[in-house]
Amino acid sequence: MWRLVTSLTALVSTSKSSTLNQPASTSKIWKSFTTEMARHGISSHDCTPFITFVLGGPGSGKGTQCAKIVDTFGFKHLSAGDLLRREIASNSEYGSTILNTIKEGRIVPSAVTVKLIQREMESSDNHKFLIDGFPRSEENRIAFERIMGAEPNIVLFFDCPEEEMVKRVLSRNQGRVDDNLDTIKKRLKVFEALNLPVINYYAEKGKLYKKPICADQCIRNRR
Ligand code: UDP
Ligand code: MG
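Residues numbered from 1 in each chain as written. Chains lettered and ligands numbered in written order. Predicted model: local features only at pLDDT ≥ 70, side-chain atom pairs only at ≥ 80, totals over all residues. Heavy atoms only, no water.

**Student:** Outline the site of ligand 1, supporting the account with residue identities and numerical values.
**Tutor:** Among the 19 residues in the neighbourhood of ligand 1, the closest are listed as Arg 85, Arg 106, Val 108, Arg 136 and Arg 187. For ligand 1, an oxygen atom lies 2.9 Å from a polar atom in the side chain of Arg 172. Between Arg 176 and ligand 1, the recorded distance is 3.0 Å, taken from a side-chain N or O atom to an oxygen atom. Relative to its free-state accessible area of 520 Å², ligand 1 is covered by the protein chains to the extent of 96%. Residue contributions to the shell around ligand 1 peak at four residues, all from helix 3 (residues 80-89). Its residues assigned to classes, the shell around ligand 1 comprises seven nonpolar, four polar and eight charged. (Near = heavy atom within 4 Å. Polar contact = N/O pair within 3.5 Å; in protein donor to acceptor, adjacent residues only side chain to side chain. Areas by Shrake-Rupley, 256 points an atom, 1.4 Å probe, with all protein chains shown as cover. Helix = DSSP H or I, 4+ residues; strand = E, 2+ residues; numbered from the N terminus. Nonpolar A, V, L, I, M, F, W, Y, C, P; charged D, E, K, R; others polar.)

If you want it as structure tokens, here you go:
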């Protein structure tokens with residue numbers, strides 16, 4: 001179940017437990033999401049952009065859940081990581097810089113990422129956007145707001161224990177240059193240092209909806 005979170009207290013799972021419970025049923029997720037969209041006054045006839053940021057550590061399930069949201073609600077899914085990988089594959093002028101940054105688990109300069117997202121948003125007929133894996137830092141967030149002149153309506157956060165994220169990334173086998181133990185460790189550090197402040201910022205603004213990935217046990221450990 002999505003839960004509105006308004007402060008960093010108990011925001012992030014600290015459990016290292018390997019006991020993983022099943023996520024809440026998907027129907028519950030969609031019910032909450034529909035309710036939230038209705039609360040924000042979105043309808044299929046509305047052309048005002050409706051922006052949802054989807055955040056969470058590496059392997060927390062952002063892409064998988066976005067695909068479901070797209071199927072159910074017809075959002076346009078923009079994965080920042082996929083846009084960057086597409087840029088590498090297209091041999092663009094930024095390709096090698098992006099590749100090296102991703103290999104190191106660091107964050108690509110905001111100007112590059114925001115430009116890629118902007119291009120996709122401006123060329124889309126859809127007005128409901130799911131921006132997956134962005135913003136990853138306060139600098140990313142501020143650049144997006146400045147360049148796009150917009151803020152997200154809702155921010156979703158998949159709160160997954162580190163141990164589970166590592167397990168998932170190592171077993172997903174997508175041939176990614178950054179899905180190895182060494183880079184994952186760096187990505188987790190970057191997530192904690194740079195992405196959590198963004199998550200906290202949106203929590204304090206009352207825009208953050210958190211979904212614990214390992215339900216009961218993690219919640220108990222947090223109390
Ligand atoms: N990345 C970035 N800025 C973004 C999104 C991704 O710099 O806005 C880079 C960063 O190096 C990250 C990598 O792309 O570690 C992979 O991101 P993605 O979201 O695809 O991976 P995930 O964290 O979901 O496994
Ligand atoms: Mg992803």
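**Student:** Residue-level account of the confidence of the model for the protein, with values.
**Tutor:** Confidence along the protein averages 86 in pLDDT terms, with 80% of residues attaining 70 or more. Here residues 8-25 is modelled with pLDDT under 50, and outside its nearest four sequence neighbours on either side it reaches 45 contacts, counting other chains as well. (pLDDT = per-residue confidence, 0-100. Contact = heavy atoms within 4.5 Å.)

**Student:** Which residues make up the environment of Ser 60, and what are the values?
**Tutor:** Within the secondary structure, Ser 60 sits in the loop between strand 2 (50-56) and helix 2 (62-73). Its relative accessible area of 2% is what places Ser 60 among the buried residues. Taking the C-alpha atoms as reference points, Ser 60 and Arg 168, 108 residues apart in sequence, are found 8.0 Å from one another. Here Ser 60 is in contact with Phe 158, Cys 160, Met 165, Arg 168 and Ile 213, once residues within four sequence places are set aside. Within the structure, the side chain of Ser 60 is placed 2.8 Å from the backbone oxygen of Gly 57, a separation counted as a polar contact. (Buried < 20%, exposed > 50% of the residue type's maximum accessible area, 1.4 Å probe, protein only.)

**Student:** Any details on the nonpolar core? Residues and values, ideally.
**Tutor:** Within the largest apolar cluster, 31 residues are counted, with the highest numbers of intra-cluster contacts made by Phe 53, Ile 117, Met 121, Ile 131, Phe 134, Phe 144 and Leu 208. Looking at this core, the elements with two or more residues in it are strand 2, helix 3, helix 4 (95-103), helix 5 (110-122), strand 4 (128-132), helix 6 (138-148), strand 5 (154-159) and helix 8 (181-204). The biggest single contributor to this core is helix 8, with six residues. The residues contacting Ile 117, other than those within four sequence positions of it, are Leu 78, Leu 83, Ile 131, Phe 134 and Phe 144. Formed by 20 residues, the second largest nonpolar core is a distinct cluster that contains Met 37, Phe 73, Val 169 and Leu 188. (Core = buried A, V, L, I, M, F, W, Y, C linked by side-chain atoms within 4.5 Å.)

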